[in-house]
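Residue-level structure breakdown
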Protein chains: 2
Amino acid sequence: MRRPTIHDVAHEAGVSISTVSHVLNGTRPISAETQARVRAAVEAQGYEPNARARQLKADRSFAVGLVVPDVMNPFFAEVASGVEEELRRQDVLLALCSTGAQAGREAYYAQLLRHRRVDGVIFLSGTGLPAAELSTLAEGESVVFVDERVPGVEAPFVGSDNRRGARLIAEHVLSQGHRKVAILGGPPALWTAEQRLAGYREALLTRGLEPDGVPCVAGDYEREGGRVAVRTLLDGPGDRPTALLVANDLMAIGALQECRTRGIAVPDELSIAGYDDIPEAAILTPPLTTVRQPAREMGRAAAHILLERIEGRPVPRLTDFPAELVVRESVRAIGEEEVRSV
Amino acid sequence: MRRPTIHDVAHEAGVSISTVSHVLNGTRPISAETQARVRAAVEAQGYEPNARARQLKADRSFAVGLVVPDVMNPFFAEVASGVEEELRRQDVLLALCSTGAQAGREAYYAQLLRHRRVDGVIFLSGTGLPAAELSTLAEGESVVFVDERVPGVEAPFVGSDNRRGARLIAEHVLSQGHRKVAILGGPPALWTAEQRLAGYREALLTRGLEPDGVPCVAGDYEREGGRVAVRTLLDGPGDRPTALLVANDLMAIGALQECRTRGIAVPDELSIAGYDDIPEAAILTPPLTTVRQPAREMGRAAAHILLERIEGRPVPRLTDFPAELVVRESVRAIGEEEVRSV
DNA sequence: AGCAACTATACAAACGTTTGTACAGCGGTC
DNA sequence: GACCGCTGTACAAACGTTTGTATAGTTGCT
């Protein structure tokens, strides 16, 4: 049973196809009786315009891609959720592309999305793919980058002030008296990782600590990676640190797990600070002190900007959200006695 | 700068457009020299076939929709991840649709996806939308349901044995000596909720308990919902239960939080059993005893079946994965003394 | 009565492919 | 030397819309 086309409707209504098109789109005045007949025919046949034909004609697909390292990462999931929320308001479909933080897959999706001629792409890169690669891949499409900035790329960017966020939390742990801190950073190729590191170092300097003196290892922003990275930190030479600055919450969770298996009490023996404020952060034991980024808002903003840009309207080159310190219980003043609440 | 079309390439190579098409698709033998000239022209112009035109002609969009209550729910995120993984192997795009478990949005997306003529839809319903609604909405599309079964619908279904899973975990807590148990169920309209409830009751009967005698409230499968639901359970008449059967992990987390604020020790004073084995389950304090569903596999299978069905090949009506008991620390034998491991 | 200015509709081109059909050239066969 | 079959290519139709242009019918003005 073939689905009816505009021809079938026109035939049944006894009018031309252009007339049908015009009544359906309201593109031109059509007499009331003709409209009625057309609508009746549409109803009778259960006609629905063929979106594919429409897309060809309009040279628009009413879909945009979202390239993201991993939807299972709660932070990315929240960004994705915000993106979708905004797109839905305009009946635009979201093509979800998870790269697993693999450069090959990121390139694959960039290419696939371009070949498919989606109307635009939101990039949340997780691979540090160089700007040159990305911008040729994205060439011709409207693109906006979110969260993770790719230096040297000219597209609009939506993010939050990672440097300031990192500084805030580092200052917080230092203000609690910690002098022996260690850093568990993100993938060095990533801009956010670099920014957060810079923020930590700023805070250290302010407190009179030599940044190059603090142990620092690079993680991969994932739970298991955080777990193994924290091992090298804990097994490293010198005294064990009293506080850990971890560049994202997922790795902080890994660190927490490692501490648990080693029997290191958090925060009594070791304070741990995270970044992102994913939903899990609040339900951990102990609840994680971290930095909140408005992930959903960022997703929404990115989608909004992309949509505006697709429409040809001018958009901001840079949209910056504030990052906010969230103090919970995983960071404690040094030497402070544990207080059992029950 | 207009993107080149097949005409431009044909012109530059001095051949007809059909020749270009045939060399690009290998649809017909073309002499080596002609091929070379065409490829050179393609290269020179940076030609890329217009997917929209191709889709119109082929009457395929090479995209499928995934309707899901909420990507931020880790279980659904994992299913989505599996779906995407499978689709990627065939260069099929995934349109992500989050309904927020709202029937209106579920209907909206079903309609949008049909209007957009995606090649198929994977439904993970979260609203208990009646079969009649859904099947008309999905009419004409290839559809497969995953995880959440909609009774009375004829489409292929991929799920896991919720009833057995629930029975397993209920038997586990009962085997630990608990007699005063309470049930925190899922949304009554949902099939999984009903199945899990049935499984719990089976186990209760086996152990000689009267199912109607155990307190039972309905939750919404979400964290906050679990939290408030557990309140009514804890504040209910009669003795406080010693064990809670919670129909999914998210609600179990909510229950855990509520217990923490009330100062109820888990599992010492109250055992809690979950369902789904989301990644968070393992990192909670205490780690959650729960039932594992192979979410990623289910997603993969659903995508595979959908793809097969789109190709017109026969597919199984029912694909059932096993559910598996995961014993961790949130359920403890009754009366057993707490043993501090450190 | 004739013409201008509408209004409502029809016609046909265009969007960029894929693919069935036609045909030109050519070597081989009787 | 006419015919057959084969290879390589061109032509044109079709997919289902949207939209610019043309036209028929009506009204109103002089």
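Definitions and cut-offs
Residues numbered from 1 in each chain as written. Chains lettered and ligands numbered in written order. Predicted model: local features only at pLDDT ≥ 70, side-chain atom pairs only at ≥ 80, totals over all residues. Heavy atoms only, no water. Near = heavy atom within 4 Å. Polar contact = N/O pair within 3.5 Å; in protein donor to acceptor, adjacent residues only side chain to side chain. Helix = DSSP H or I, 4+ residues; strand = E, 2+ residues; numbered from the N terminus. Nonpolar A, V, L, I, M, F, W, Y, C, P; charged D, E, K, R; others polar. Domains from an automatic or database assignment. Contact = heavy atoms within 4.5 Å. Buried area = accessible area lost by both parts, 1.4 Å probe. Salt bridge = Lys/Arg side-chain N within 4 Å of Asp/Glu carboxyl O. Buried < 20%, exposed > 50% of the residue type's maximum accessible area, 1.4 Å probe, protein only. 1 Å grid on protein atoms, 1.4 Å probe; cavity = no way out; pocket = protein on both sides within 12 Å on 5 of 7 lines; lining within 4 Å. Points joined across faces, edges and corners; volume = space filled by probe spheres on them. Core = buried A, V, L, I, M, F, W, Y, C linked by side-chain atoms within 4.5 Å. Least-squares fit on C-alpha atoms with pLDDT ≥ 70 in both. pLDDT = per-residue confidence, 0-100.

1. Notes on the protein's contact with DNA strand D
Inspection of the region around DNA strand D gives 28 residues, with Ile6 and Arg28 of chain A together with Thr19, Ser31 and Thr34 of chain B positioned closest. Expressed as a percentage, the sugar and phosphate content of the atoms of DNA strand D within 4 Å of the protein is 53%. Taking Ile6 of chain A, its main chain carries an N or O atom lying 2.7 Å from a phosphate oxygen of DNA strand D. At a separation of 3.1 Å, a base nitrogen of DNA strand D approaches a polar side-chain atom of Ser18 of chain B. Looking at the surface near DNA strand D, the elements that each hand over two or more residues are helix H1 (6-13), helix H2 (17-25) and helix H4 (51-58) of chain A together with helix H2 (17-25) and helix H4 (51-58) of chain B. Ranked by residues supplied to the surface near DNA strand D, first place goes to H2 of chain A with five residues. Classifying every residue of the surface near DNA strand D by side-chain character gives nine nonpolar, 13 polar and six charged.

2. With respect to the domain arrangement of chain A
All names here are of chain A. Its domain assignment divides chain A into domain 1 (6-49), domain 2 (58-155 + 294-321) and domain 3 (162-289 + 327-341). Taking only C-alpha atoms, the centre of domain 2 and the centre of domain 3 are 30 Å apart. In this assembly, nine residues from domain 2 lie in contact with eleven residues from domain 3. Of the roughly 930 Å² buried between domain 2 and domain 3 on both sides combined, carbon and sulfur atoms contribute 61%. For the domain 2 face of the interface with domain 3, the top three residues by lost area are Pro74, Phe75 and Glu148, together amounting to 44%. Where domain 2 packs against domain 3, one counts zero salt bridges. Scanning the region where domain 2 abuts domain 3 turns up two residue pairs in polar contact (both at pLDDT 80 or more).

3. Quick word on the interface of chain B and chain A
Of the residues lining the interface, 51 residues belong to chain B; the matching set on chain A comes to 50 residues. Buried surface at the junction of chain B and chain A, both sides included, amounts to about 5100 Å², of which 51% is carbon and sulfur. Considering only the surface of chain B that becomes buried against chain A, Arg52, Arg116 and Arg117 of chain B emerge as the three largest contributors, covering 18% of it. Scanning the region where chain B abuts chain A turns up four salt bridges.

4. Quick notes on the protein's contact with DNA strand C
Near DNA strand C lie 27 residues; those nearest to it are Thr19, Ser31 and Thr34 of chain A together with Ile6 and Arg28 of chain B. One nitrogen or oxygen atom from the main chain of Asn50 of chain B is found 3.2 Å from a phosphate oxygen belonging to DNA strand C. Broken down by secondary-structure element, the contributors of at least two residues to the surface near DNA strand C are H2 and H4 of chain A together with helix H1 (6-13), H2 and H4 of chain B. If you tally residues by element for the surface near DNA strand C, the top one is H2 of chain B, at five residues. Residue composition of the surface near DNA strand C, grouped by class: nine nonpolar, 13 polar and five charged.

5. Section: the pattern of salt bridges
This structure, assessed with the given rule, holds 52 salt bridges over all chains. Between Arg196 of chain B and Asp276 of chain B there is a salt bridge, and its shortest N-O distance comes to 3.6 Å. Linking Arg196 of chain B in helix H9 (residues 191-206) with Asp276 of chain B in the loop between strand E9 (271-273) and helix H12 (279-283), this pair joins segments that are 80 residues apart in sequence. Assessed through its relative accessible area of 2%, Arg196 of chain B is described here as buried. For Asp277 of chain B, the salt bridge identified is with Arg292 of chain B, shortest N-O distance 3.6 Å. Taken as a pair, Asp277 of chain B in the loop between E9 and H12 and Arg292 of chain B in strand E10 (residues 290-292) lie far apart in primary sequence, 15 residues in all. On the accessibility criterion, Asp277 of chain B (15% relative accessible area) is buried. Its relative accessible area of 28% is what places Arg292 of chain B among the partly exposed residues. A single network of salt bridges, built from pairs that share partners, joins Arg227, Arg231, Asp235, Glu258 and Arg262 of chain A.

6. What about empty space enclosed by the protein?
Counted by the stated rule, this structure contains four cavities of 30 Å³ or more. In this structure, the largest cavity occupies an estimated 270 Å³ of space. In terms of lining residues, the largest cavity is bounded by 19 residues, among which Ser61 and Ala63 of chain A together with Gln55, Ser61 and Ala63 of chain B are the most central. Those elements that provide at least two residues to the lining of the largest cavity are H4 and strand E2 (93-98) of chain A together with H4 and strand E2 (93-98) of chain B. Considering only residue class, the lining of the largest cavity consists of ten nonpolar, four polar and five charged.

7. Things to note about unusual backbone geometry
All names here are of chain A. Across the junction of Val266 and Pro267, the peptide omega takes the value 5°, indicating a cis bond. Its location among the elements puts Pro267 in the loop between helix H11 (249-262) and strand E9 (271-273). Here the residue pair Thr285 and Pro286 is connected by a cis peptide bond, since its omega of -5° sits within 30 degrees of zero. Relative to the helices and strands, Pro286 is located in the loop between helix H12 (279-283) and strand E10 (290-292). In this structure, Asp91 is a non-glycine residue whose phi angle is positive, near 55°. Overall, the relative accessible area of 38% leaves Asp91 in the partly exposed class. Positioned with a positive phi, Asp276 is a non-glycine residue whose angle comes to about 125°.

8. Some remarks on the nonpolar core
Of all hydrophobic cores here, the largest spans 151 residues; its most connected members are Val158, Leu244 and Ile272 of chain A together with Val158, Leu244 and Ile272 of chain B. Those residues in contact with Ile272 of chain B that lie beyond four places of it in its chain are Leu244, Val246, Ala252, Ala255, Leu256, Cys259, Val266, Leu288, Thr289, Ser330 and Val331 of chain B.

9. A closer look at the relation of the copies chain B and chain A
Both copies of the chain are related by one operation, a rotation about an axis with a shift along it. Of the two same-sequence chains, chain B is brought onto chain A (RMSD 0.1 Å, axial shift 0.0 Å) by a rotation of 180°. Here the two chains are linked by the operation of a two-fold rotation axis. Considering only C-alpha atoms, the part of chain B nearest the rotation axis is Ala95 of chain B, at 2.2 Å. Both copies present the same face, since 98% of the interface residues in chain B are matched by interface residues at the equivalent positions in chain A.

10. Quick look at the confidence of the model for chain A
Averaged over every residue, the pLDDT of chain A is 93; residues scoring 70 or more account for 97%. In this model residues 338-342 of chain A is a low-confidence stretch, pLDDT under 50, and it forms four contacts with partners more than four residues away in sequence or in other chains.

11. A word on the side chain of Gln293 of chain A
Residues and elements named next belong to chain A. As for its position among the elements, Gln293 is in the loop between E10 and helix H13 (295-310). Among the polar contacts listed, one links the side chain of Gln293 to the side chain of Asp276, at a separation of 2.9 Å. Setting aside residues up to four positions removed in sequence, Gln293 forms contacts with Phe75, Asp147, Ser160, Asn162, Arg196, Tyr275, Asp276 and Met298.

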